[in-house]
Each structure stands twice: as C-alpha cells, then as structure tokens.
Amino acid sequence: QVQLVESGGGFVQPGGSLRLSCAASGSISNIVIMGWYRRAPGKEREVVARIGSSTTFYADSVKGRFTISRDNAKNTLYLQMNSLKPEDTAVYYCNGVLSPSRIYWGMGTQVTVSS
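Calculation rules
- Residues numbered from 1 in each chain as written.
- Predicted model: local features only at pLDDT ≥ 70, side-chain atom pairs only at ≥ 80, totals over all residues.
- Heavy atoms only, no water.
- Phe/Tyr/Trp six-rings, centres within 6.5 Å; stacked < 30°, edge-to-face > 60°.
- Helix = DSSP H or I, 4+ residues; strand = E, 2+ residues; numbered from the N terminus.
- Buried < 20%, exposed > 50% of the residue type's maximum accessible area, 1.4 Å probe, protein only.
- Lys NZ or Arg CZ within 6 Å of the ring centre and 35° of its normal.
- Core = buried A, V, L, I, M, F, W, Y, C linked by side-chain atoms within 4.5 Å.
- Disulfide = S-S within 2.5 Å.
- Contact = heavy atoms within 4.5 Å.
- Polar contact = N/O pair within 3.5 Å; in protein donor to acceptor, adjacent residues only side chain to side chain.
- Pairing = 2+ DSSP bridges.
- Axes fitted to C-alpha atoms, helices over the stretch in contact; angles between N-to-C directions.
- Salt bridge = Lys/Arg side-chain N within 4 Å of Asp/Glu carboxyl O.

Chemist: What's the story with the packing of aromatic side chains in this structure? I'm lost.
Modeler: By convention here, two paired aromatic rings are described through the distance between centres and the angle between planes. Under the defined criterion, the tally for this structure stands at one aromatic pair. Between Tyr37 and Trp105, the aromatic rings sit 5.0 Å apart at their centres with planes inclined by 65 degrees, giving edge-to-face as the arrangement. Here Tyr37, found in strand E4 (residues 33–39), pairs with Trp105, found in strand E10 (residues 102–105); they are 68 residues apart in sequence, far enough to count as distant. What makes Tyr37 buried here is its relative accessible area of 15%. Sitting over the face of the ring of Tyr93, Arg45 holds its NZ or CZ atom 4.5 Å from the ring centroid. Cation over ring: Arg45 sits above Trp105, and NZ or CZ is 4.2 Å from the ring centre.

Chemist: Help me understand the nonpolar core in this model?
Modeler: As a rule of thumb, nonpolar side chains are buried together in soluble globular proteins. Counting residues in each nonpolar core, the largest one holds 29 residues, and the members touching the most others are Trp36, Leu79, Met81 and Tyr92. The set of elements that each furnish at least two residues to this core consists of strand E3 (18–24), E4, strand E5 (46–51), strand E7 (66–71), strand E8 (76–81), strand E9 (90–99) and strand E11 (109–113). It is E3 that provides the largest number of residues to this core, a total of four residues.

Chemist: Would you take a moment to explain the state of the cysteines for this structure?
Modeler: One covalent bond between the sulfur atoms of two cysteine residues makes up a disulfide. Taken as a whole, this structure holds one disulfide when the rule is applied. Sulfur-sulfur distance for the disulfide between Cys22 and Cys94 comes to 2.0 Å. The S-S bond linking Cys22 to Cys94 shows a torsion near -80 degrees; that makes this disulfide left-handed. Taken together, the residues span a long stretch of sequence, with Cys22 in strand E3 and Cys94 in strand E9 at a distance of 72 residues. Note on accessibility: Cys22 and Cys94 belong to one class, buried.

Chemist: Explanation requested: the environment of Thr89 in the structure shown.
Modeler: Note that Thr89 resides in the loop between E8 and E9. Classification of Thr89 as buried rests on a relative accessible area of 17%. Remark: the alpha-carbon pair of Thr89 and Phe11, spanning 78 residues in sequence, is separated by 9.2 Å. Once residues within four sequence positions are removed from consideration, Thr89 is found in contact with Ala40, Pro41, Gln110, Val111, Thr112 and Val113. A distance of 2.9 Å separates the side chain of Thr89 from the backbone nitrogen of Val113, its partner in a polar contact.

Chemist: Even after reading the chapter, I still don't get the sheet that holds strand E1 (residues 4–7), so can you show me in this structure?
Modeler: The antiparallel open sheet is built from four strands, whose spatial order is E1-E3-E8-E7. Of all strands in the sheet, those bounded by a partner on one side alone are E1 and E7. Put simply, the sheet's adjacent strands are angled 15 degrees from each other on average, direction ignored. Alignment of E1 against E3, held across four bridges, turns out to be antiparallel.

Chemist: Would you explain the pattern of salt bridges in this entry?
Modeler: Oppositely charged side chains can pair when the atoms bearing their charge come close. With the rule as written, the count across this model stands at four salt bridges. Residue Asp88 is joined to Arg38 by a salt bridge in which the shortest nitrogen-to-oxygen separation is 3.0 Å. One end of the pair, Asp88, is in the loop between E8 and E9; the other, Arg38, is in strand E4, with 50 residues separating them in the sequence. The class of Asp88 is buried, set by a relative accessible area of 1%. For Arg38, a relative accessible area of 5% translates into the label buried. Here Asp88 ties to Arg65 by a salt bridge, and the two come within 2.8 Å at their closest N and O atoms. Of this pair, Asp88 sits in the loop between E8 and E9 while Arg65 is found in the loop between strand E6 (56–58) and E7, placing the two residues 23 residues apart along the sequence. Assigned by exposure class, Asp88 and Arg65 land together as buried.

Okay, here's the thing in structure tokens:
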C-alpha cells in the first residue's frame, strides 16, 4: 500500500514562490497518473495539475505559474509554484491513481499567500 506525505507549504507574500513535495512510502513507477489538488476556504476541492507518463495538465488559473514534475527514482512528486497570489491560499493535496479502485491521497499541506 502506498502512503503519500506532502511538505513544503507555508506562509509567503504575493509574488513569492514555494515548492511542494509529495513523498511516497512505496514506488510510484506503476502509478500512471499523479496530481495536486487544493481546497480553498469556502470552496470545493479543485484540480491544480496532473502528470502522466508523457503528459501534463494545468488548471487555467495556474498555467504559466506552476510546474508539476515527478521523480520516480526518488518516489516523489513536486509542484513548483511561482508568482503566488492570495487566491492560491488553500490546503494542497497530493494524489495518485494506481487503478480506479486504488486511489491514494496525502493529508495535505497549508499554503497561505498574504501581505
């Protein structure tokens, strides 16, 4: 069973940067799709970015600012976040899909963007 643990969240001023990491307890090489989701105060959970074997997807709100990547050798997923805005404030969750019946989630890491 794969366990996911996020880290790298924190407090940052608008325009700043953060890099989130998602460390897996097991191999992620067989997980075809991994991604980052977020839930802002009073909002529904939304997808931020996903990465497959050769494709990536970004929400329109983060295109050009965020970059998703994965390092299978280190069993780690990353999200580089640049030019952060107050509306990026949310709890960010790591996700991995091994199969439709085997979906893994981390516990989340808080990102707060404020002056």
